Amino acid sequence: MNYGMVIDLKRCVGCNACTVACRAEHGMPAGVNHHRIVKYESGAYPKAKMGFIPMPCMHCRETPCVAVCPTNASHRQDDGITLVDKEKCIGCRACMQACPYGARQFLWAMQGYFGETRTPYEQHKQKGLAPGLVVKCNFCKHRLEEGKTPACVFTCPAQARYFGDLDDPRYEVAQFAARPDARQLKKDRATNPAVYYITEDPLP
């Protein structure tokens, strides 16, 4: 088992539905995102165009974030998902420096969206979180345990995302990842990400 994701950039319109779905699913404090959209330009006038790259955690097979963690809070499971153990994280942020993709964020404060007092929804979703922790995308591990797909995959209105076992050719995600136009971001960093992008253009 090796969970992974393929994102079809030919379909992605940069609507940020994935980002909003992620925020709603995890109830992250204001200013903290597990997922973001990066805009980029390709081509030259008069054929220049704007593209969008959704950026969850890459859940790399070679994990620099895990290698530098002094407490083993950052760890990779047998199913390929990289997690942060809140009980072990000491907030040193070494993993943030090691990640080439900017996939991790630090909780400086538990800031609510509607003033200093957090809503019951925020309090429920943010159980176990506190200032001083590093947080990141976990492929919606709790949803996977319920037999569901990650919130970003379920929500995408363009159906631009595929998720499943990259090692099982019966899954669409494995078939798409094997295509010649499936690319990994920053491949030169030799992290072997489990997130692939379908695109004819070179990734920035």
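Just above sits the structure.
Residues numbered from 1 in each chain as written. Predicted model: local features only at pLDDT ≥ 70, side-chain atom pairs only at ≥ 80, totals over all residues. Heavy atoms only, no water.

1. Comments concerning helix α1 (residues 17–26)
Since one α-helical turn is 3.6 residues long, residues separated by three or four positions face the same way. Burial analysis of α1 places 8 of its 10 residues in the buried class, which makes it a mostly covered element. Taken residue by residue, α1 has Ala 17, Cys 18, Thr 19, Ala 21, Cys 22, Arg 23, Glu 25 and His 26 as its buried positions. Residues of α1 that are buried make contact with β2 (36–42), α4 (120–125), α5 (141–145), α6 (151–155) and β8 (161–165). Positive backbone phi, at 60°, marks Gly 27, one or two positions downstream of α1. (Buried < 20%, exposed > 50% of the residue type's maximum accessible area, 1.4 Å probe, protein only. Helix = DSSP H or I, 4+ residues; strand = E, 2+ residues; numbered from the N terminus. Contact = heavy atoms within 4.5 Å.)

2. Looking at the sheet that holds strand β10 (residues 195–198)
Taken in spatial order, the 4 strands make up an open sheet running β8-β1-β10-β9, and their pairing is mixed. If you trace the sheet from one side to the other, it starts and ends with β8 and β9 (182–183), each paired once. The sheet contact formed by strand β1 (residues 3–8) and β10 spans 4 bridges and is parallel. Bridge pairing links Asp 8 to Ile 198 in β10. (Pairing = 2+ DSSP bridges.)

3. Regarding the environment of Ala 73
Of note, Ala 73 is situated in the loop between α2 (64–68) and β4 (74–76). Sequence separation between Ala 73 and Gln 175 is 102 residues, and the spatial gap between their C-alpha atoms is 33 Å. Setting aside chain neighbours within four positions, we find Ala 73 in contact with Leu 83, Val 84, Asp 85, Lys 88 and Cys 89.

4. Things to note about the state of the cysteines
Evaluated as defined, the whole model comprises 0 disulfides. Of all cysteine sulfurs, the one in Cys 18 lies closest to Cys 12, which takes part in no disulfide; the gap is 6.4 Å. Of the residues examined, Cys 12 reaches a relative accessible area of 17% and is grouped as buried. Cysteine Cys 99 is unpaired, with the sulfur of Cys 65 as its nearest cysteine sulfur at 6.4 Å. Relative accessible area serves as the criterion here: at 15%, Cys 99 is assigned to the buried category. (Disulfide = S-S within 2.5 Å.)

5. Remarks on the nonpolar core
Within the largest apolar cluster, 29 residues are counted, with the highest numbers of intra-cluster contacts made by Met 5, Ile 53, Met 58, Phe 139, Leu 185 and Tyr 197. The set of elements that each furnish at least two residues to this core consists of β1, β2, β3 (49–55), α6 and β10. Setting aside chain neighbours within four positions, we find Leu 185 in contact with Ile 53, Met 55, Met 58, Tyr 101, Pro 193, Tyr 197, Leu 203 and Pro 204. (Core = buried A, V, L, I, M, F, W, Y, C linked by side-chain atoms within 4.5 Å.)

6. Here's the deal with the pattern of salt bridges
One pass over the full model with this rule turns up 8 salt bridges. As a salt-bridge pair, Asp 181 and Lys 10 come within 3.2 Å of each other at their nearest N and O atoms. Taken together, the positions of Asp 181 in the loop between α7 (172–177) and β9 and Lys 10 in the loop between β1 and α1 put the pair 171 residues apart, joining distant regions of the chain. A relative accessible area of 13% means that Asp 181 is categorised as buried. A salt bridge links Lys 148 to Glu 146; the nearest nitrogen and oxygen atoms lie 3.3 Å apart. Assessed through its relative accessible area of 42%, Lys 148 is described here as partly exposed. You can call Glu 146 exposed: its relative accessible area is 51%. (Salt bridge = Lys/Arg side-chain N within 4 Å of Asp/Glu carboxyl O.)

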